[in-house]
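# Analysis of the macromolecular model
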Amino acid sequence: MIGRLNEPLVFGRSIGRWSRPLQEVSPLPTLQWITSADDPRMVIYRHKDRRNHAEFERQVRDIAGRLLHKEAAAMPRSWRQLPCPVKVHYSWDCLQRLLDARRDGREVKVESVLLSNDVDDEQRKLAGQCCEQVLVADRELIEAEFAFEGTTQRRSVNYVVAYPKPQPIALARFLGGLPVLVLDGLGAAQNIGQILRTAFHFGVTSILASRSVWNSLGGRACRVSMGWLYFMDFFLGEPMVEALKELRERGCHIYCAEDHFAEAVKPHGPSGKRNWALIVGHEQLGVSKECIAMSDTCISVPSRQGESLNVAHAAAICLYELSRHMEEP
């Protein structure tokens, strides 16, 4: 099952490409000990209320620049405008997924890995496969200084990731990967992660994201997606209307989902075709007027009672219905 990350992946029609090979034998990496939260290497890991923001943005620009093969000075000064998100991700399951994605040809840059001092040798080997800079600190120091996103979850691994790398909307892989999930203005990383996990389950791996979603592709979204985020092609819709226009010009039928639309969602037709896109929007504000205007069909999930569904639940139903008669790529 996709959701059980503690077991080896099994070969199946939907995830056979990503079946996990036997773990190769790797030497233990050289560990770099961190004894103070003020260590310059810890700037990115520190909570935003405690970090040196000028140094944080300098390091983030530098990491993004190396991935994109550009000078750091040429990158936007604000991390919120970077073409490539640089974030702290976490969990051993996601780290293993990341390595699997690399074996599948995905470009995911890991700048450093931060381990707690109580991890075992196998976990250290796994960290060493991701990058050369493997940092280690006392668990107490990590929990006191490097908690993220309001969670108190005990973590033994955190890592700095530069992902996703922006792709041009006309990329051949993108067109071959239709259908497309369009995320327009969502604000909650929990919802983004849930939607991405569901999309992957139904064979939708091309994601067109607005800037707010792009900047939310961090550790929480990745963890909720169970690491499948690393197997997706992401495209930055900036501006979103122009990206949607290009999709339409290439024969893509665009569906827009809102709870107040009259037409109920149903399988995309004609049967077997994959040339469709689904737009879902912000949790409270919904899909922007500009994106609605670019849509071919406005759909909803019919309700018999109660209030409207959470956007992640509604997206799951729409993805299932639209993809029900979809042919395998």
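Residues numbered from 1 in each chain as written. Predicted model: local features only at pLDDT ≥ 70, side-chain atom pairs only at ≥ 80, totals over all residues. Heavy atoms only, no water.

- In the annotation of an unreviewed UniProt entry, the entry for the protein reads tRNA/rRNA methyltransferase SpoU type domain-containing protein, and the organism field reads Durusdinium trenchii.

### What to know about the sheet that holds strand E3 (residues 109-116)
- Spatially, the 5 strands line up as an open sheet ordered E1-E4-E3-E5-E2, and their pairing is mixed. With one partner strand each, in any of the chains shown, strand E1 (31-33) and strand E2 (86-90) form the two edges of the open sheet. Averaged over all neighbouring strand pairs, the angle between strand axes comes to 25 degrees, with direction disregarded.
- Packed on one face of the sheet, helix H1 (residues 53-68) meets E2, E3 and strand E5 (157-162) and runs near 130 degrees to E3.
- Where helix H3 (residues 121-130) meets the sheet, its contacts fall on E1, E3 and strand E4 (134-137), and the angle it forms with E3 comes to roughly 160 degrees. (Pairing = 2+ DSSP bridges. Helix = DSSP H or I, 4+ residues; strand = E, 2+ residues; numbered from the N terminus. Axes fitted to C-alpha atoms, helices over the stretch in contact; angles between N-to-C directions. Contact = heavy atoms within 4.5 Å.)

### Describing the packing of helix H6 (residues 189-201) against helix H11 (residues 311-323)
- The interhelical angle for the contact between H6 and H11, taken along N-to-C directions, is 15 degrees, at an axis separation of 9 Å. Regarding the angle of H6 to H11, the classification is roughly parallel. For the pair H6 and H11, the crossing hand works out as right-handed. Here Asn191, Gln194, Ile195, Thr198 and Ala199 of H6 lie close against H11, whose contacting residues are Val311, Ala312, Ala315, Ala316 and Leu319. (Parallel < 35°, antiparallel > 145°, perpendicular 65-115°, else oblique. Left-handed = near helix turned anticlockwise from the far one by under 90°.)

### With respect to the environment of Val136
- Note that Val136 resides in strand E4.
- Here the alpha-carbon distance between Val136 and Trp33, two residues 103 residues apart in the chain, equals 5.0 Å.
- Beyond its immediate sequence surroundings of up to four residues, Val136 is in contact with Leu31, Gln32, Trp33, Ile34, Leu114, Leu115, Ser116 and Asn117.

### Concerning the pattern of salt bridges
- For the structure shown, the criterion picks out 22 salt bridges.
- The partner of Glu111 in a salt bridge is Lys109, and the shortest N-O contact between them spans 3.7 Å.
- For Lys109, a relative accessible area of 23% corresponds to the partly exposed category.
- Bridged by salt links that share partners, the residues Asp38, Arg46, Arg50 and Glu145 form one connected network. (Salt bridge = Lys/Arg side-chain N within 4 Å of Asp/Glu carboxyl O. Buried < 20%, exposed > 50% of the residue type's maximum accessible area, 1.4 Å probe, protein only.)

### Remarks on the packing of aromatic side chains
- Under the criterion given, the structure shown has 6 aromatic pairs.
- Taking 5.8 Å as the distance between ring centres and 55 degrees as the angle between the ring planes, the aromatic pair formed by Phe202 and Tyr320 counts as tilted. Of this pair, Phe202 sits in the loop between H6 and strand E7 (206-209) while Tyr320 is found in helix H11, placing the two residues 118 residues apart along the sequence.
- Taking relative accessible area as the criterion, Phe202 reaches 24% and is therefore assigned partly exposed.
- Positioned above the aromatic ring of Phe56, the side-chain terminus of Arg51 is 3.9 Å from the ring centre. (Phe/Tyr/Trp six-rings, centres within 6.5 Å; stacked < 30°, edge-to-face > 60°. Lys NZ or Arg CZ within 6 Å of the ring centre and 35° of its normal.)

### Focus on unusual backbone geometry
- Here the amide bond leading from Tyr163 into Pro164 is cis, since omega sits at 0 degrees, within 30 degrees of zero.
- Along the chain, Pro164 falls in the loop between E5 and helix H5 (172-176).
- At the junction of Glu238 and Pro239, the peptide bond is cis and its omega measures out at 5 degrees in the coordinates.
- Residue His69 is not a glycine yet carries a positive backbone phi of 60 degrees.
- The topology assignment puts His69 in the loop between H1 and E2.
- Here the phi dihedral of Met226 falls at roughly 65 degrees; this positive angle occurs in a residue that is not glycine.
- Mapped onto the elements, Met226 comes out in the loop between helix H8 (219-224) and strand E8 (233-236).
- The exposure class of Met226 is buried, given its relative accessible area of 13%.

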